[in-house]
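Secondary and tertiary structure notes
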Amino acid sequence: MTEAGSELAIAVCIKFTVDVNRLRPDPATAAPDLGHAHYRINDFDENALEEAVRLKERHGGRIVGVSLVEREPPRELLLRALAAGLDALYLVPHAAAASGDAFVTATILAAALEEIGAVYEMVSWDLVLCGDASCDTYDGQVGPRVAEALGIVPITYATRLDVRDDTIVAERTIEDYVHVVEATLPALVTVGSETNKPRLPHLRQIMDAGRKPIVRLTTAGLGRGALDRARATLELLGVTAPPSARRRMVVGGNGPDDVARKLVRQLQSDGELTQ
Amino acid sequence: MSGRAEDAPSGVLTFSENPDLASELLAVGRALAAGAGAKLTTLMVGSALRERAEDAIARGADEAVLACPPDTRPGAETYLAALHAAVLAHRPAMVLVGSTRTGVEVAARLGQRLRVGCVTDALSLEIDDTGALVATRRMYGGQFLARVANRSTPAIATVPWKRFEPPPRDDDRRGTITETTIQLPPPRLRTVAIQQRPRSALDIRKAAVVVAVGRGVKRQEDVALVEALAEALGGALAGSRPITDDLRWLPPDRKIGLSGLTVRPSLYVACGISGQIEHVVGMRAARTVVAINSDPTAPIHAEADYSVVGDLYAIVPALAAALRDGRQRQAAATIESLQ
Ligand SMILES: Cc1cc2nc3c(=O)[nH]c(=O)nc-3n(C[C@H](O)[C@H](O)[C@H](O)COP(=O)(O)OP(=O)(O)OC[C@H]3O[C@@H](n4cnc5c(N)ncnc54)[C@H](O)[C@@H]3O)c2cc1C
């Protein structure tokens, strides 16, 4: 815990990902056209950030963002993360950041969290918040792996959480069940879209964002150890879009009833209305 | 029998806390172990597992390891301790875990403890000529398929539900059943309560016709319009994520998409669904797709065989009426033909 004993030291892991809904296959190769990709803050990380802000509003404290980046993300995204409520943002450049190798990502993130806590922020983290998964790989490994690397308890798929003194109480959604758990801090919690609805920042927050610190760490600063320990475990052999064979016919007509009749006739002739 | 330290890691170890998925893993495990000329071991955690162990052997396991926790404490921590112990004792070349939420957490944490890679949600798995475990999995919301080689020892992969059929029983197969106890650290996560979320009686994956409702529906009571269409088609009602998760107008097991279920009906009708990729991956395998959406630029139209660009509040009831009408006329014709 931080000095006051009740304020929270919160770290939020943030991934700047490609916007998967605006990513198109290259017509020639069917590989993703990453050269024209748009970037965004990973959806679930926005939920993690929002949850951190809500906890800070109740308990006080400080929120820092930590992101492993292959290259510098667009400045507007950095400002957006700061405007949403980060007090500082730490960027850790690493060539394998986009490789989707969760072992590498988690090992370096954990080393960065330790370094940032000990050297820059002089705290030990009460809470580390992550998204359940990132929208590009939808892998779900980084949160639990970081918890394991830091030796703290993971609380995955949390849909509601609260902190009372040094205890965290969380509702988790596990398939058909709601699992209510508690643990003593520190803990790592992963959240998703069910957890909250991220608020849009006020003008004031947007203006303040430009004055908040963005700290660029180097992986060398994390010590050779972290890098040596984070050798690649996976190799991406290829990524392609399977072809779509839809007919893409627009059914038009003279008002809803006419359209409906035409559609029913079409489905009948296709043999789709057997029952 | 445990592998000895001087042997190179070999064989396949499987685990899922979900009994159905545990049986399905035996199908993949058997195929991979056959390729590697090696042993298939399956781990079960809990008590009174004898019958399930015998079933696993009949379905292809060479050995079933039954790990009994000191108290009946289920959950990720217990499964992780048991799986970690089994990996150390049996030294498998590959570990397969069922892709439940708990399973993915366990697999990821095991990977971090062992400093190895894990491929989650593998749609297919094979061993290439270098001996690496090669998986196909979805990428970028599912629009793309990635081939990923896991060269770790052991190589971990998680396998989703209902992807593989459990192997048929062969009651002549023989295998070993080993019982072990596991040591657990004091629990860091304390369970306060477990509640079941509402469940539907019907499995939308088994329906020949699926009608899905999206955020284009404005009020909860209007879901009934789409439900009436599902009824007219003799199909099942499903939904997009906002409907099941955010608004909770349908139970979670009616969600179609990346974080929900994958369906393969012969007919899929999307009503007021934009067609974001995370939804589309769950319905792409449908034989025929109809989209009803008022926005001509909505991506769902590109995923459809037949698109209606229009207000679902007008189209959906008209379609339901046309179907009922058609069926009545057909019934009348049938009766006439019999007279
Ligand atoms: C990691 C991750 C996992 C996800 N998993 C899933 C998943 O499993 N399943 C899933 O569905 N989503 C999933 N999503 C969410 C997904 O990205 C979309 O947000 C969601 O599918 C949108 O749902 P929708 O189409 O119902 O709503 P919207 O995107 O809001 O679309 C509503 C549509 O209705 C149309 N409309 C509005 N009014 C009318 C009208 N009167 N008549 C006709 N049309 C109308 C609009 O034109 C619009 O296209 C996931 C997202 C992420 C990031």
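1. What about the side chain of Glu46(A)?
Residue and element names in this part refer to chain A. Here Glu 46 lies in helix α1 (residues 43-59). A polar contact is formed between the side chain of Glu 46 and the side chain of Arg 80, at a distance of 2.9 Å. Leave out the neighbours within four places in its chain, and Glu 46 touches Arg 40, Ile 41, Arg 80 and Pro 198.

2. Remarks on the pairing of strand β9 (residues 177-184) of chain A
In this sheet, β9(A) lies alongside strand β8 (residues 167-174) of chain A in antiparallel orientation, the contact comprising 8 bridges. Within β9(A), the residue paired with Thr167(A) across the bridge is Thr184(A). Across 6 bridges, the pairing between β9(A) and strand β11 (residues 190-196) of chain B is antiparallel. Residue pairing across strands places Val178(A) opposite Gln195(B), the latter belonging to β11(B).

3. Quick word on the interface of chain A and chain B
Contact residues are listed per partner, giving 81 residues for chain A and 83 residues for chain B. Buried area between chain A and chain B, summed over both chains or domains, comes out near 7300 Å², and the portion from carbon and sulfur atoms is 52%. For the pair chain A and chain B, the interface holds 10 salt bridges. A salt bridge links Arg190(B) to Glu182(A); the shortest N-O distance between them is 3.3 Å. On the surface where chain A and chain B come into contact, there are 46 residue pairs in polar contact (both at pLDDT 80 or more). No other element matches helix α7 (residues 255-269) of chain A, which puts 9 residues into the side of chain A that touches chain B. Per-class residue counts for the side of chain A that touches chain B are 43 nonpolar, 19 polar and 19 charged. Alignment of strand β13 (residues 249-250) of chain A against strand β16 (residues 306-309) of chain B, held across 2 bridges, turns out to be parallel. Counted as the bridge partner of Val250(A) is Ser307(B) from β16(B).

4. Section: the sheet that holds strand β12 (residues 209-213) of chain B
In a beta sheet, neighbouring strands pair by backbone hydrogen bonds and run either parallel or antiparallel. The strand order across the open sheet formed by 6 strands is β13(A)-β16(B)-β15(B)-β14(B)-β12(B)-β13(B), and the pairing between neighbours is parallel. On the outer flanks of this sheet lie β13 of chain A together with β13 (236-239) of chain B, each paired with one strand and no other. Taken strand by strand, α7(A) contacts β13 of chain A together with β14 (267-271), β15 (288-293) and β16 of chain B, and its axis lies near 175 degrees from that of β16(B). Packing of helix α5 (residues 223-232) of chain B onto the sheet brings it into contact with β12, β13 and β14 of chain B, and relative to β12(B) it is tilted by some 170 degrees.

5. Points about the packing of helix α3 (residues 76-90) of chain B against helix α4 (residues 101-114) of chain B
Residue and element names in this part refer to chain B. Across the interface, α3 lies against α4 with an axial gap of 9 Å and an inter-helix angle of 45 degrees. Compared by their axis directions, α3 and α4 come out oblique. Read as a crossing pair, α3 and α4 show a hand that is right-handed. Where α3 approaches α4, its residues Ala 76, Glu 77, Tyr 79, Leu 80, Leu 83, His 84 and Val 87 are matched on the opposing element by Thr 102, Glu 105, Val 106, Arg 109, Leu 110, Arg 113 and Leu 114.

6. Let's talk about the site of the ligand
Taken together, the neighbourhood of the ligand is formed by 31 residues, with Arg215(B), Ser240(B), Ser274(B), Glu278(B) and Asn293(B) sitting nearest. Around the ligand, the neighbouring residues derive from chains A and B rather than from a single chain. Glu278(B) places a polar side-chain atom, nitrogen or oxygen, 2.8 Å from an oxygen atom of the ligand. Between the ligand and Asp311(B), the relevant distance is 2.8 Å, taken from a nitrogen atom to a side-chain nitrogen or oxygen of the residue. Protein burial of the ligand: of its 980 Å² of free accessible surface, 84% is covered by the chains. The set of elements that each furnish at least two residues to the shell around the ligand consists of α1 of chain A together with α6 (241-246), α7 (277-280) and α8 (312-338) of chain B. When the residues that make up the shell around the ligand are grouped by side-chain class, the tally is 10 nonpolar, 13 polar and 8 charged.

Calculation criteria
Residues numbered from 1 in each chain as written. Chains lettered and ligands numbered in written order. Predicted model: local features only at pLDDT ≥ 70, side-chain atom pairs only at ≥ 80, totals over all residues. Heavy atoms only, no water. Helix = DSSP H or I, 4+ residues; strand = E, 2+ residues; numbered from the N terminus. Polar contact = N/O pair within 3.5 Å; in protein donor to acceptor, adjacent residues only side chain to side chain. Contact = heavy atoms within 4.5 Å. Pairing = 2+ DSSP bridges. Buried area = accessible area lost by both parts, 1.4 Å probe. Salt bridge = Lys/Arg side-chain N within 4 Å of Asp/Glu carboxyl O. Nonpolar A, V, L, I, M, F, W, Y, C, P; charged D, E, K, R; others polar. Axes fitted to C-alpha atoms, helices over the stretch in contact; angles between N-to-C directions. Parallel < 35°, antiparallel > 145°, perpendicular 65-115°, else oblique. Left-handed = near helix turned anticlockwise from the far one by under 90°. Near = heavy atom within 4 Å. Areas by Shrake-Rupley, 256 points an atom, 1.4 Å probe, with all protein chains shown as cover.

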